[in-house]
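One-letter residues, chain by chain:
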Amino acid sequence: MSYFLPETDPVLTAARGLALAHPGMIEVNPSPLYLRARAPHPGRRVGLVSGGGSGHEPLHTGLLGRGGLDAVCPGEVFASPHNRQIYEASARVAAGMSDGVLLVVKNYTGDVINFQIAAERLRHDGIPVATVLVDDDLATDLADSATGRRGTAATVVVEKLLGAAADRGASLEELQALGTRIVERSRSVAVAARAQTSPTTAAPAFDLEPGVLDYGVGIHGERGTREIARPAVGELVRRMTDDLLDALPEGADEGSDGPDDVLVLVNGLGATTDLELHSVGVLLHEELTARGLRPVLTASGTFTSALDMAGFSLTLTRLEAGWAELWTEPTETPLVLPRPLDTAAVPDTAAVPETAAPVAEPVEVPATAGSRTVLDRYADVVAQVRDNLTKLDQLVGDGDFGDNLSGGVRRAVKLADTAGTAGAAALAQAFLDDVGGTSGPLFGLLFQHLAVAEADSAEPSLAALAEAATGAHAAIHRVGGAQVGDCTLVDALAPAAESLTASAASGTEEAPLTTAAQAAIRGALATATLRPRRGRASYVGDHALGVPDPGALAVALLFTSLADIHEPATATRLPAPGYVTVL
């Protein structure tokens, strides 16, 4: 979030911080502000200068140095640099070059005007100068626009390839022609789920309804060209790929590497995680290869941000002869770009089965009808409350519990469907073998003991269920150390086990499973009054007060599911799952 910028001179301070982080590499000129590479490649004849509004980091400063730019002119946040910054930075760079400077400009009105004025001043001084205008944003390719397409993430591709060519000693005319050609063969499109935070108001710059995406956003936080209902990520990438290929020039010139060779840039807009970006990269790779294209270079990361906008952009560049080699040329810049994709070593991700990893042998338990019915009921309950459990876990932990639990249950259902594994045994195998975190193994132990109770009959005896719950309690305490009062799943499991044991001993309880489920629910809800002493919730101290433990609720809902199946008449006394899990 944009909450922690200094109150005065934030851009200058950040520039000084970049130089501090890369000692000996970068020189900061404070007035007018520009950053200069201290040790340009000795083979350069032409200096490369770029810049633009701040808030797009690591563009452009990340590409400052050998193999990249010679100088960068940062403006204020989302505002173009003024022409004196560009003029003085370029003049300083040109003093060490024999053939002048090339200006790399993103197509925004303020940038274009200020770079153009600076270029006129340089020509007046007798300094050779040329310009490459980057205009890759297909969302702004509008027939009634006099401004033309915006310049966005393809700027990274342009600056990297030009930097390598400049190090090889290319002339000003050659660099301008190369840069212009790269721009012609590049297109980008961006989408966002949340606007960037304004440094002034500390609030999102615009609002989006839940489940809505802004399609065609700009890197200055501009609204997209339209809003769309949020589709599945695979469908979103497919739609973006279609739009990119419709806008991308086809074919290649004679002597190119191949008309189907492309460079792929998956770019985060500031608040999108590497986990998401790398996943999108795989989806895009599959979309392109399915259409007969060859993504020989793939880079996923945050390269051109929009402060902390939650979104990403996709850029495609049709490669020509030698461009891939320019990308792989070494650099000495703050930003280290990913290396080329070795397509021979990349597995066909679409062909890798979900169960490719070896799994342990399933517990040897017959697949009884009763056990499968309980599994299906629990799967239905967990699906209903997943989001509620996630919200509760976000208040006291890391927010992963709802997904962890539902993912494990889904895997158990698949095991039951494909391998015929008994319901509780399938749960035990799924959670012990494939669910991480704290909840995975602990719930796995619980399910493992229930599997033994279900082994003999579709209607397990009360004594067997009591023994299973008591054994699970003991095993979980032995492994994790939790006891009643620690605000964990044990606070629901222990009273349920005690209730079942008492009912089995007396033999008089009318509805023992319903009674046990009620005890588990009471124990789970009572955790809201406890200060956690174990697990991640223990780290937040009093912030956890008032929030019931999600694991305890999940245990209570398991006993509710058992009652629903085996005591349907009395289980109607139990509260609905959604009611139990709402704060």
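Preceding this paragraph is the structure being described.
In short, a report on the structure. (Residues numbered from 1 in each chain as written. Predicted model: local features only at pLDDT ≥ 70, side-chain atom pairs only at ≥ 80, totals over all residues. Heavy atoms only, no water.)

## A few points about the overall build of the protein chain
The secondary structure content of the protein chain amounts to 17 helices and twelve strands. If one aligns the C-alpha atoms of the protein chain with their principal axes, the spans along those axes are about 105 × 55 × 45 Å. Evaluated residue by residue, the protein chain yields a buried proportion of 53% over its 583 residues. A sequence separation of at least 24 residues applies to 72% of the contacts in the protein chain between residues at least 6 apart. Summed over its atoms, the accessible surface of the protein chain is roughly 24,500 Å², and 53% of this surface lies on carbon and sulfur atoms. Put simply, the protein chain has 42 plus and 73 minus side-chain charges, and the middle of one group is 5 Å from the middle of the other. (Helix = DSSP H or I, 4+ residues; strand = E, 2+ residues; numbered from the N terminus. Buried < 20%, exposed > 50% of the residue type's maximum accessible area, 1.4 Å probe, protein only. Contact = heavy atoms within 4.5 Å. Areas by Shrake-Rupley, 256 points an atom, 1.4 Å probe, with all protein chains shown as cover. Lys, Arg positive; Asp, Glu negative; His and termini not counted. Charge placed at Lys NZ, Arg CZ, Asp CG, Glu CD.)

## Things to note about the sheet that holds strand β2 (residues 33-37)
One open sheet accounts for six strands, arranged β1-β2-β4-β3-β5-β6; its pairing is mixed. Across the chains shown, the open sheet's two edge strands, defined by having one partner strand only, are β1 (26-30) and β6 (129-134). The mean angle between the axes of side-by-side strands here comes to 20 degrees, regardless of whether they run parallel or antiparallel. Here β1 pairs with β2 via five bridges, running antiparallel. When the bridges of β2 are listed, Pro30 appears paired with Leu33. Along the sheet face, helix α1 (residues 10-21) touches β1, β2, β3 (47-54) and β4 (71-77) and points at about 160 degrees away from the line of β1. Contacts between helix α2 (residues 83-94) and the sheet are confined to β1, β2, β3, β4 and β5 (101-106), with β2 contributing the most and set at about 25 degrees to the helix. (Pairing = 2+ DSSP bridges. Axes fitted to C-alpha atoms, helices over the stretch in contact; angles between N-to-C directions.)

Remember, this is a structural readout, not a statement about activity or role.
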